[in-house]
Amino acid sequence: MKELKMYINGKFVESRSGKWIDVLNPSTEVVTSRQPEGTIEDVNEALDAARAAQKEWAKKPAIERAQYLQKIASGIRRRNDEFVEIIMREQGKTRQWASVEVSVTADYFDYMATFARSIEGEVIPSDRRGETIILTRRPIGVVAGILPWNFPFFLIARKAGASLIAGCTIVMKPSQLTPENCCTFAEVVEEAGLPAGVINIVTGKGSVVGHAMAASPKIDVVSVTGSVSAGQSIMAAASENITKVSLELGGKAPAIVFADADLEQAAQWILDSRIGNNGQICNNAERVYVQSSVKDEFTNILLAKMKAVKVGDPCLDDNVDMGPLVEARALESVIAKVEKAVAQGAKILCGGHRVGNKGYFYPATLLDNCTQDMDIIHEETFGPVLPIVPFDTTDQVIEWANDVEYGLASAVYTKDLDTAVRVSRELQFGETYINRENFEAMQGFHAGVKKSGIGGADGKHGIEEYLVTHVTYLDTHYE
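Being a predicted model, the structure only gives us computed values, none of them experimental.

Draft legend 1. Spatial organisation of the side chain of N25. Locating N25 in the fold gives a position in strand β4 (residues 20-25). A polar side-chain atom of N25 sits 2.8 Å from the main-chain amide nitrogen of S27. Other than its neighbours up to four places away in sequence, N25 contacts V30, T32, R89 and C315.

Draft legend 2. The sheet that holds strand β19 (residues 431-434), seen in detail. Taken in spatial order, the 7 strands of this open sheet run β15-β16-β17-β14-β13-β18-β19, and their pairing is mixed. Each edge of the open sheet is held by one strand with a lone partner, namely β15 (347-350) and β19. Recorded for the sheet is a direction-independent mean angle of 25 degrees between the axes of neighbouring strands. The pairing of β15 with strand β16 (residues 365-368) spans 3 bridges and is classified as antiparallel. What sits directly across from I348, in β16, is L367.

Draft legend 3. Molecular detail of the pattern of salt bridges. Counted under the stated rule, the structure contains 35 salt bridges. In this structure, the salt-bridge partner of K340 is D375, at a minimum N-O distance of 3.4 Å. Here K340 is found in helix α11 (residues 328-343), whereas its partner D375 is found in helix α12 (residues 375-378), with 35 residues between them in sequence. R422 is paired through a salt bridge with D395; the nearest N and O atoms lie 2.3 Å apart. One end of the pair, R422, is in helix α14 (residues 417-426); the other, D395, is in helix α13 (residues 394-402), with 27 residues separating them in the sequence. Taken together, the shared-partner salt bridges connect R79, E82, E187 and E191 into one network.

Draft legend 4. Local environment of the packing of helix α9 (residues 263-275) against helix α10 (residues 295-307). Interaxial distance between α9 and α10 falls to 9 Å at its minimum, and their mutual angle equals 45 degrees. Regarding the angle of α9 to α10, the classification is oblique. Where α9 crosses over α10, the two elements pack in a sense that is right-handed. Residues L263, E264, A266, A267, Q268, I270 and L271 of α9 lie in contact with α10, whose contacting residues are E297, F298, I301, L302, K305 and M306. The residue makeup of the contact of α9 with α10, split by class, is 9 nonpolar, 1 polar and 3 charged.

Draft legend 5. Spatial organisation of the sheet that holds strand β23 (residues 467-475). Spatially, the 3 strands line up as an open sheet ordered β6-β7-β23, and their pairing is antiparallel. Two strands close off the open sheet at either side, each with one partner strand: β6 (122-124) and β23. Strand-to-strand twist of the sheet, defined as the mean angle between neighbouring strand axes without regard to direction, takes the value 25 degrees. Pairing of strand β7 (residues 131-139) with β23, which is carried by 9 bridges, proceeds in the antiparallel orientation. Bridge pairing links P139 to L467 in β23.

Draft legend 6. Molecular detail of the environment of V188. When you line up the elements, V188 lands in helix α6 (residues 180-191). Along the sequence, V188 and R79 sit 109 residues apart, while their C-alpha atoms lie 8.7 Å from each other. Setting aside anything within four residues of it in sequence, one finds V188 in contact with I72, G75, I76, R79 and F83.

Draft legend 7. Summary view of the nonpolar core. Membership of the largest hydrophobic core comes to 57 residues, with the highest contact counts inside it found for I76, F109, M172, F185 and I199. Contributing elements (two or more residues each) for this core: α1 (40-59), α2 (62-78), α3 (80-91), α4 (95-113), α5 (154-166), β9 (169-173), α6 and β10 (199-201). With 9 residues, the single largest contributor to this core is α5. Discounting chain neighbours no more than four positions away, the residues touching F109 are L69, I72, A73, I76, I156, A157, A160, G161 and F185. Counting residues in hydrophobic clusters, the runner-up holds 33 residues, among them W149, V338, A346 and I377.

Draft legend 8. Just the state of the cysteines, in detail. The tally for this structure, following the rule as stated, stands at 0 disulfides. Left without a disulfide partner, C315 is nearest to the cysteine sulfur of C183, which lies 18 Å away. Free cysteine C350: the closest other cysteine sulfur is in C370, separated by 12 Å. C350 gets classed as buried once you look at its relative accessible area, which sits at 9%.

Draft legend 9. Region of interest: helix α7 (residues 206-215). When we look at burial in α7, the residues that qualify are V209, G210, A212, M213 and A214. Elements in contact with the buried residues of α7: α1, β8 (142-146), β9, β11 (221-225) and α8 (228-239).

Thresholds applied
Residues numbered from 1 in each chain as written. Predicted model: local features only at pLDDT ≥ 70, side-chain atom pairs only at ≥ 80, totals over all residues. Heavy atoms only, no water. Helix = DSSP H or I, 4+ residues; strand = E, 2+ residues; numbered from the N terminus. Polar contact = N/O pair within 3.5 Å; in protein donor to acceptor, adjacent residues only side chain to side chain. Contact = heavy atoms within 4.5 Å. Pairing = 2+ DSSP bridges. Axes fitted to C-alpha atoms, helices over the stretch in contact; angles between N-to-C directions. Salt bridge = Lys/Arg side-chain N within 4 Å of Asp/Glu carboxyl O. Parallel < 35°, antiparallel > 145°, perpendicular 65-115°, else oblique. Left-handed = near helix turned anticlockwise from the far one by under 90°. Nonpolar A, V, L, I, M, F, W, Y, C, P; charged D, E, K, R; others polar. Core = buried A, V, L, I, M, F, W, Y, C linked by side-chain atoms within 4.5 Å. Buried < 20%, exposed > 50% of the residue type's maximum accessible area, 1.4 Å probe, protein only. Disulfide = S-S within 2.5 Å.

Okay, here's the thing in structure tokens:
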């Protein structure tokens, strides 16, 4: 069993608490590592280190900061196979998904490095003779990055890459379910020669470490990827110091299939969007609306595909389509949501039961006879479960799709351009995928509305989360 260490001010350390938290392999329920149980004192030490390092880090030309990001990207690629195995073991990803996560993480650091010469200001016309108004963008300061367990490695890059190129320093807290990849990442940081204090990692419980980070006056922005309840807790903690928050929270993505769509291809895209990462992605397809005239045909196509999904331990079989859910609570939650749907009138067409009695496996599950008023249509499932609802008109399906408290991702399947444009325009979601699977691009802007979050990530707009503006009024008129 591996004993992990935190990374504070350029050193690998244990917690002052002397306590440990076990990390389980969700496929076997066997303890594979243990992490230090971080304390408020550990958080403060990391924040002090980040604050001390930030001034000099911000003074470095952005192109020099970019060179460190490129070194980190190279370090990740050198240890690609090691990171893939860690992610498979502690989070349950299939080899394919873990491999994509590692490669995209390295690519993301390289991509963020390209912004070294792209963070620009403005010259604004003045109403006064002889005056120039200059707007510049500066790093916001110290970032608290609270990472999720579903993409534990990639979110390191999404938060740290943008922060560092902007001139910020960061303290990160990995999920206590998946800390090993982040603690191992610290070794890459050290190998890259990053100045001490620029990146710090504190492990432990969210209620202690995460809360202490968000509540600290030493933080300038707290960036969180997690559940709505986690986001609410972070906002409450940050409010005392009026600290900026950037939140990516839950989702309940509708997939809308019109009668003119390529049903075979739409079914494949929706399947890919539901079972990806074992059904544990915020922008996974969570509910399917199918035009009534093709509902039965489409359901049969999708059912055949879902029945063929292979579930198993990804560490033992590279050919599985899905691994386990991440923990017992996740499995229990999905089971309870399906049971409630059945009690409310839904019919299970496939799946609907735990697989085996060891590991947190749940099969691809298709639910028929679903109606708009069911809880399964409104509450985030975060598991490989798809309810199908028939619709008749475009107006009806737009209203139903928007009838949730979330607003992250959505999808439309149609060959009609007018329909695609109209529905995309009227859907109340941060993203709409038309005739493709649900998966964002790093050069886009991944952001939600309603309870799906505040702010966003990726692309040039994602870097702006870590910048503040400063306006200089330069008067050169001395008459």
